[in-house]
Structure formats: structure tokens, C-alpha cells
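This is what each chain is made of:
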Amino acid sequence: MKLIAGLGNIGSKYTFTRHNAGFMLIDSIALNNNLNFRENSRLKCIMTNLRTPYEDYLLIKPTTFMNLSGEAVRAVMDYYKISLEDVLIVYDDLSLEIGKIRFRPNGSDGGHNGIKSVIQHLGTKNVARLKIGIGPQPNIPAEVFVLQNFSKEELELLKGALSKAKEGIGYYFDNGMQAAQNKYN
């Protein structure tokens, strides 16, 4: 079983904010596959299963809010006995231009509190990730920018990025990180 964790903030007021790009990708995968989410309060997430002929994927959206995302990721990994090699974290990146995606095998948190929490709870920076561009950031504080809604024009660019990301996730799990980076970064 593979775990794909989209990071974001729970609640309708955050649905279309830049910080919810990870949630938006998980929602898009679920919608395309007619999947329904169920809440698991013990695992601190909303989740659904995507079964394919070749692999089962557990899609989660932490209900802990962004800054505590690692709690849900760790809880799900422990409960389902999912190894680190089978985890992909999806989140927004304000240093990446909107419409772009980037696969990374590891790295620092880059100032992103959600991935910082994941790194802290997993005890390693060696966690695979897929960044979805939401930048460039204007001359306003990051914490203000990421909680703003996307404009209509930005949503169109984001739609393309989400489509590319969905394709890229399957490619990543089939072909590995290096191949995904070469094709999608």
C-alpha cells in the first residue's frame, strides 16, 4: 500500500486558498475516481482508498491543520505499517511558480510548517515529496499570501498543474524518483 498525503487546512474557509494545493490534488484524484472520504479521528485525517489493478493507494488529508500535519502522517503510517519508501507528501510551494510541479526525494522544510511537522514526526528529511507551485509571492508576508484564495486566472494555471501532478504520481510510483524528476520537474 502506498500513502499519498496532501497537506492543507481543514474547513470551508480554506478550500481554495493557496495553502490547500495539496488537499486540492487529493480531492481531484478522489473526484476522478468516484471515491468518498471518511473521517478517522483516531488517525487525525480524512481518508479514502484508491484501488488499482497494480497497487492500493491510501489518500489522506490531515485534520490537524497545516502546522501539525506530521501527526496524521505518522499515525497513518504506524497503523497501516506503511514504510517511508511508500509515502509521498504533496504540498504547496511559494518559491515555485504557479502551474509548475516539482518532485523531490528529500530536503529541508524550506520554511513550510506542514513539511516541517512531517519531518519532525517521521524523524527524517528523507521523505519523498511533490511540490505544487503557488508563487511568485508578492511583497506581503508568506503567512498572509498562502491563506489567500487563488484568482480565477491562477485557478486555471493550477488546474493544469494538478492534472500534471496526478499523472506524475502514477509515473513516480511506477518508475521511481529520478525518472519522475527527469520527466516532470
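Structure: above.
Sequence order as written defines the numbering, with residues in each chain counted from 1. Two thresholds apply to this predicted model, a pLDDT of at least 70 for residue-level local features and 80 or more for giving and counting side-chain atom pairs, whereas whole-chain, interface and lining totals are computed over all residues. To obtain the side-chain values, all non-hydrogen atoms of the structure were used and water was disregarded.

(A) Geometry of the pattern of salt bridges. Here, a salt bridge means any side-chain nitrogen of Lys or Arg that lies within 4 Å of a carboxyl oxygen of Asp or Glu. On inspection of all chains with the given rule, the structure shows 8 salt bridges. D86 serves as the salt-bridge partner of K2, at 2.7 Å between the closest nitrogen and oxygen. With K2 in strand 1 (residues 2-6) and D86 in the loop between helix 2 (69-80) and strand 5 (87-97), the pair connects residues that are 84 residues apart, well separated along the chain. No difference in accessibility class separates K2 from D86, as the two residues are buried. Here R74 ties to D78 by a salt bridge, and the two come within 3.0 Å at their closest N and O atoms. Of this pair, R74 and D78 both sit in helix 2, separated by 4 residues, roughly a single helical turn. Relative accessible area decides the class of each residue, using a 1.4 Å probe on protein chains only: under 20% of the type maximum gives buried, over 50% gives exposed, and in between gives partly exposed. Note on D78: relative accessible area 44%, which makes it partly exposed. Put simply, DSSP marks the helices as runs of H or I at least four residues long and the strands as runs of E at least two long, and each gets a number from the N terminus on.

(B) Region of interest: the environment of F65. Looking at the element boundaries, F65 is found in the loop between strand 4 (56-62) and helix 2. Looking at F65, the relative accessible area reads 38%, which means it is partly exposed. Each C-alpha atom of the pair F65 and K44 lies 9.8 Å from the other, and the pair is 21 residues apart in sequence. Note on contacts: a residue pair is in contact if any heavy atoms of the two residues lie within 4.5 Å. Ignoring sequence-local partners within four residues, the contact set of F65 consists of G8, N9, I10 and Y14.

(C) Main features of the sheet that holds strand 7 (residues 129-135). An order of 2-3-4-1-5-7-6 is seen for the 7 strands of this open sheet, with the pairing classed as mixed. Bordering the open sheet on either side are strand 2 (38-40) and strand 6 (101-104), each of which pairs with just one other strand. For this sheet, the mean inter-axis angle between neighbouring strands, taken without regard to orientation, is 30°. By the bridge criterion, 7 bridges tie strand 3 (residues 45-51) to strand 4 in an arrangement that is antiparallel. For R51, the partnering residue across the bridge sits in strand 4 and is D56. Pairing between strands requires that DSSP locate at least two bridges from one strand to the other. Angles shown run from 0 to 180 degrees and are taken between the N-to-C directions of axes, each axis being a line fitted to C-alpha atoms and, for helices, limited to the stretch in contact.

(D) Looking closely at the side chain of H112. Secondary-structure assignment places H112 in the loop between strand 6 and helix 3 (113-122). Under the rule applied, a polar contact is a pair of N or O atoms within 3.5 Å (in protein, one hydrogen donor and one hydrogen acceptor; residues adjacent in sequence only if both atoms are side-chain atoms). A distance of 3.1 Å separates a polar atom in the side chain of H112 from a polar atom in the side chain of D92. At a separation of 3.3 Å, a polar atom in the side chain of H112 contacts the main-chain amide nitrogen of I115.

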